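Here is what each chain is made of, one letter per residue.
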Amino acid sequence: MARRYWLMKTEPSAYSFSDLLNAPRKTDHWDGVRNYLARNTMREMKKGDRILIYHSSAAPPHAAGIAEVAREAYPDHTAFDPKSEHFDPKSSPESPRWFMVDVRAIEALPETVSLPDLKSNPKLSKMPLVQRGQRLSVQPVAAAEYREVLRMAGLKKPR
DNA sequence: GCCAACGTTGGC
DNA sequence: GCCAACGTTGGC
């Protein structure tokens with residue numbers, strides 16, 4: 001199966017692409033997704049798939065870096081922890097409701113690509129990200145869209 | 001801080 | 001199963 005492409009949002013004040021770059025082996029688990037559609041999308045991810053990491057609630061919001069799927073979906077243990085802000089009493093180790101993947105940072109984009117720039121590129125008009133009202137924290141990206149974002153970021157060699 | 005657009009919850 | 005109320009996301 002051909003490699004696929006995805007986009008994951010994060011609020012940089014909570015967890016930024018730099019945090020991922022500085023994590024051991026540049027790898028971390030992506031916990032806390034509590035939306036069924038986003039969860040289902042994560043379960044489609046395969047090891048080696050590429051991920052655009054997007055900083056939401058920034059000024060301006062922007063694509064910050066690229067990463068890859070390091071481990072495919074497995075139960076999100078933060079849902080089992082009553083002390084976690086992502087705790088969900090309806091999820092249990094026996095019957096997990098929420099899942100996460102591990103992601104590994106590949107590299108920061110040479111130039112971040114702002115949301116206004118993404119919106120003004122007609123080639124990207126079909127991305128859920130730029131469509132009004134889309135709130136998905138995990139979403140698919142077409143291969144051509146991925147390449148276009150990398151080109152806008154000044155990354156000559158697609159990764 | 002505002003608020004539009006959704007998703008979820010719960011009464012019926 | 002419907003749908004109003006409520007909560008969350010996230011751009012502005």
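Residues numbered from 1 in each chain as written. Chains lettered and ligands numbered in written order. Predicted model: local features only at pLDDT ≥ 70, side-chain atom pairs only at ≥ 80, totals over all residues. Heavy atoms only, no water.

## Some details on the nonpolar core
With 21 residues, the main nonpolar core has Ile66 and Leu118 as its most contacted residues. Elements supplying a minimum of two residues to this core: strand E1 (5-10), strand E3 (50-55), strand E4 (62-75), strand E5 (99-114), helix H3 (115-120) and helix H4 (143-152). Leave out the neighbours within four places in its chain, and Leu118 touches Tyr54, Val113, Leu124, Leu129, Val130, Val149 and Met152. Formed by 19 residues, the second largest nonpolar core is a distinct cluster that contains Trp30, Met42, Ile53 and Ala67. (Core = buried A, V, L, I, M, F, W, Y, C linked by side-chain atoms within 4.5 Å. Buried < 20%, exposed > 50% of the residue type's maximum accessible area, 1.4 Å probe, protein only. Helix = DSSP H or I, 4+ residues; strand = E, 2+ residues; numbered from the N terminus. Contact = heavy atoms within 4.5 Å.)

## Observations concerning the layout of surface pockets
If a probe the size of a water molecule is rolled over the atoms, the empty space left behind becomes visible. Here the largest pocket is characterised by a volume of approximately 530 Å³. For the largest pocket, the lining is made up of 18 residues, of which Lys9, Thr10, Trp30, Asp31 and Gly32 are closest to its centre. If you list the elements that add at least two residues to the lining of the largest pocket, you get E1 and strand E2 (27-29). Tallied by class, residues from the lining of the largest pocket come to six nonpolar, six polar and six charged. Each pocket or cavity is described by its volume, and for the second largest pocket that value is around 190 Å³. Considered class by class, the residues forming the lining of the second largest pocket number five nonpolar, five polar and four charged. (1 Å grid on protein atoms, 1.4 Å probe; cavity = no way out; pocket = protein on both sides within 12 Å on 5 of 7 lines; lining within 4 Å. Points joined across faces, edges and corners; volume = space filled by probe spheres on them. Nonpolar A, V, L, I, M, F, W, Y, C, P; charged D, E, K, R; others polar.)

## Considerations on the protein's contact with DNA strand C
Taken together, Lys9, Tyr54, Ser56, Ser57, Pro61, Leu115, Lys119 and Arg135 make up all the residues around DNA strand C. Protein-adjacent atoms of DNA strand C, using a 4 Å cutoff, are sugar or phosphate at a proportion of 86%. Residue Lys9 places a side-chain N or O atom 3.0 Å away from a phosphate oxygen belonging to DNA strand C. The separation between a phosphate oxygen of DNA strand C and a polar main-chain atom of Ser57 is 3.0 Å. (Near = heavy atom within 4 Å. Polar contact = N/O pair within 3.5 Å; in protein donor to acceptor, adjacent residues only side chain to side chain.)

## Here's the deal with helix H2 (residues 36-44)
Of the positions making up H2, those classed as buried are Ala38, Arg39, Thr41 and Met42. In a view along the axis of H2, the buried residues occupy a sector of 160°, so they form one face of it. Where the residues of H2 are buried, they touch E1, E4, E5 and strand E6 (138-141). Taking the backbone nitrogen of Leu37 as reference, a side-chain oxygen 3.0 Å away marks Asn35 as the first, capping residue of H2. (Arc of directions from axis to C-beta.)

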